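Read off the chains here:
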Amino acid sequence: MALVTTKEMFEKAYDGGYAIGAFNVNNMEIVQGITEAAGELKSPVILQVSKGARAYANHKYLVKMVEAAVEENPEIPIALHLDHGDSFELCKSCIDGGFTSVMIDASSKSFEDNIALTKQVVEYAHAHGVVVEAELGTLAGVEDEVCVESGNESYTRPEEVEEFVSRTGCDSLAIAIGTSHGAYKFTAAQCTRNEQGILVPPPLRFDVLHGVIERLPGFPIVLHGSSSVPQEFVAMVNQYGGNMPDAIGIPEDQLREAAKLAVCKINIDSDIRLAMTGNIRKYFAEHPDHFDPRQYLKPARQAVKDMVAHKIVNVLGSDGKAL
Ligand code: G3H
Ligand code: 13P
Ligand code: ZN
């Protein structure tokens, strides 16, 4: 199967009550770990590339690695997506350079400016057979060069979504319902503590999600900032010389609930970074004399694969859906 757009994936996910995982790729080990897991579990998958990933690894290397993964996994649909495109030029470059989907993230602009830029990207993308994700509302956290302080995020306003989608023609919409980028999604002040003294984040705003669904029935919704920051990997990082106090993410059961509704794409990057970093730190601590990158990147790649398999089965519900 060649690279596909997300159109059919999202139609089936919407009707089937599951979501497609969108995982950020920056190097070969990440591409292999994600696609091996998706291939073995017969799950559709989205590989996404940020502006920062392109700057790090080079557009051509990333596309060629993804093409190799497509050849190695002919039974599953794979989409190649630009994550957080911030300009028409960047989106155009990815559309011209083999991507099947792009995100134009003009969510920090005014409503009218967001519409104007999104519409411009949609016109070019659709003329080239590429689909477009747009965003309304802002998440807290860091994405490429944009940093939104926790507390300065703004939830999507359901009353705006119909007009936005009809005027832009976008194919999917990322909304803000309380998820956040990075490994530090909430401050301690935003959380409560359970009986064991563990921080519990504020629940996702399902009321906002339902408000959006009411106004856009059948339309695919996207959640960014959806890593769960598993505490076992935070502990692993900290045990082997790292320092990540109070790293906290989105509870997986809430994401599973969202996936059963209109949420068709769930973005996960930080959990992959955490799993790789924890395992590399552990490897170095246990093998201080080793210096061959293949030795420490092998468990890191396996950790990516295990993490993605866990998400596919326990969060997304997309296993077996490529059949
Ligand atoms: O939301 C952003 C993604 O996690 C990508 O992060 O800009 O560091 O590549 P990045
Ligand atoms: P996380 O930082 O929660 O993994 O979010 C990733 C993301 O939204 C990429 O666009
Ligand atoms: Zn994001």
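Structure first, text after, so check above.
Note that residues are indexed from 1 along each chain, following the sequence as it is written. Chains carry letters and ligands carry numbers; both start at the beginning, A for chains and 1 for ligands, and go up in the order they are written. Residues qualify for local features only when their pLDDT is at least 70, as the model is predicted, and side-chain atom pairs are given and counted only at 80 or more; totals for whole chains, interfaces and linings, by contrast, use all residues. Hydrogens are left out, water is left out, and the side-chain values use all remaining heavy atoms of the structure.

Undergrad: Any details on the overall build of the protein? Residues and values, ideally.
TA: Counting its regular elements, the protein contains 12 helices and 12 strands. Here the globule rule reads 2.2 Å times residues to the power 0.38, and the radius of gyration is calculated from C-alpha atoms. In terms of overall dimensions, the protein is globule-like: its C-alpha atoms have a radius of gyration of 19 Å, near the 20 Å expected for 323 residues. Along the first, second and third principal axes, the C-alpha set of the protein runs to 60 × 50 × 35 Å. Remark: exposure states derive from per-residue accessible area (1.4 Å probe, protein chains only) relative to the maximum for the residue type, with buried under 20%, exposed over 50%, and partly exposed in between. In the protein, buried positions account for 55% of the 323 residues. Helical segments are the DSSP runs of H or I of at least four residues, strand segments are the runs of E of at least two, and each set is numbered from the N terminus.

Undergrad: Quick rundown of the site of ligand 2? Include the residues and the values.
TA: Only heavy atoms are used to decide nearness, and a residue is near a molecule or strand if one of them lies within 4 Å of it. In the neighbourhood of ligand 2, 16 residues make up the surrounding shell, with Asp-83, Lys-185, Ser-227, Asp-269 and Ser-270 lying closest. Each polar contact in these results corresponds to two N or O atoms within 3.5 Å; when the atoms are within protein, one needs to be able to donate a hydrogen and the other to accept it, and residues that are neighboring in sequence are counted only if both atoms are side-chain atoms. A distance of 2.6 Å is found between an oxygen atom of ligand 2 and a side-chain nitrogen or oxygen belonging to Ser-227. Between ligand 2 and the protein, one listed contact pairs an oxygen atom with a side-chain N or O atom of Ser-270 at 2.7 Å. Accessibility throughout is a Shrake-Rupley quantity obtained with a 1.4 Å probe, and a residue counts as covered only by protein chains that appear here. For ligand 2, whose accessible area on its own is 310 Å², the fraction buried by protein is 96%.

Undergrad: Give a detailed account of the coordination of the zinc ion (ligand 3), specifying residues and quantitative values.
TA: Distances from the zinc ion (ligand 3) to its protein donors, His-84 (NE2), His-181 (NE2) and His-224 (ND1), fall within 2.1 Å. Positions of the donor residues of the zinc ion (ligand 3), expressed as sequence spacing, correspond to H-x96-H-x42-H. Here His-84, found in strand E3 (residues 78–85), pairs with His-224, found in the loop between strand E11 (221–223) and helix H9 (231–239); they are 140 residues apart in sequence, far enough to count as distant. Considered together, His-84 and His-224 belong to a single accessibility category, that of buried residues. Here the coordinating atoms are restricted to nitrogen, oxygen and sulfur within 2.8 Å of the metal centre, or 3.2 Å for Na, K and Ca, and because water is not among them the sites may look incomplete.

Undergrad: Now, about the nonpolar core: what can you tell me, with residues and values included?
TA: Within soluble globular proteins, side chains that are nonpolar generally end up buried alongside one another. With 94 residues, the main nonpolar core has Ile-34, Val-102, Leu-173, Leu-209, Ile-221 and Ile-272 as its most contacted residues. The biggest single contributor to this core is helix H12 (residues 293–316), with nine residues. Ignoring sequence-local partners within four residues, the contact set of Ile-34 consists of Phe-23, Asn-24, Val-25, Val-45, Leu-47, Ile-272, Val-304 and Val-308. Residues belong to a common nonpolar core when they are buried Ala, Val, Leu, Ile, Met, Phe, Trp, Tyr or Cys residues joined through side-chain atoms within 4.5 Å. Judged by nonpolar contacts, the second largest core, of nine residues, contains Ala-13, Ala-22, Ile-46 and Ala-79. We call two residues contacting when some pair of their heavy atoms lies within 4.5 Å.

Undergrad: Describe the packing of H9 against helix H11 (residues 270–286), with residues and values.
TA: Geometry of a packed helix pair, given as the angle between the helix axes and the separation of the axes. For every element, the axis is a line fit to its C-alpha atoms; helices are fit only across the contacting stretch, and the angle between N-to-C directions ranges from 0 to 180 degrees. Where H9 contacts H11, the axes come no closer than 8 Å and their chain directions differ by 35 degrees. The way H9 lies across H11 gives a crossing that is left-handed. Taking contact as the criterion, the partners of Phe-233, Val-234, Met-236 and Val-237 in H9 are, on H11, Leu-274, Ala-275, Thr-277, Gly-278, Asn-279, Arg-281 and Lys-282. Handedness of a crossing is defined here by the sense of rotation of the near helix relative to the far one, left-handed for an anticlockwise turn of less than a right angle and right-handed for a clockwise turn.

Undergrad: Let's hear about the state of the cysteines: which residues, and what values?
TA: The definition used for a disulfide is geometric: two cysteine sulfur atoms within 2.5 Å. Throughout the structure, instances matching the rule amount to zero disulfides. Free cysteine: Cys-170, not disulfide-bonded; nearest cysteine sulfur from Cys-91 at 13 Å. No disulfide involves Cys-264; its sulfur sits 13 Å from that of Cys-170, the nearest cysteine.

Undergrad: Would you mind going over the sheet that holds strand E8 (residues 172–175) in detail, with residue names and values included?
TA: Strands are labelled as partners when DSSP assigns at least two bridges between them. The strand order around the closed barrel formed by eight strands is E1-E2-E3-E4-E5-E8-E11-E12, and the pairing between neighbours is parallel. The mean angle between the axes of side-by-side strands here comes to 25 degrees, regardless of whether they run parallel or antiparallel. Direction of pairing for E3 relative to strand E4 (residues 101–104): parallel, over a ladder of three bridges. Residue pairing in the sheet places Leu-82 in a bridge with Val-102 of E4.

Undergrad: Before we move on, could you go through helix H7 (residues 158–168) and cite the residues and values that matter?
TA: Taken residue by residue, H7 has Pro-158, Val-161, Phe-164, Val-165 and Thr-168 as its buried positions. Viewed end-on, H7 has its buried residues packed into an arc of 90 degrees, placing them on one side of the element. On its buried face, H7 sits against helix H6 (111–127), strand E5 (131–136), E8 and helix H8 (206–215). The positive-phi residue at the C-terminal boundary of H7 is Gly-169, with phi of around 75 degrees. Here the arc refers to the set of directions running from the helix axis out to each C-beta atom.

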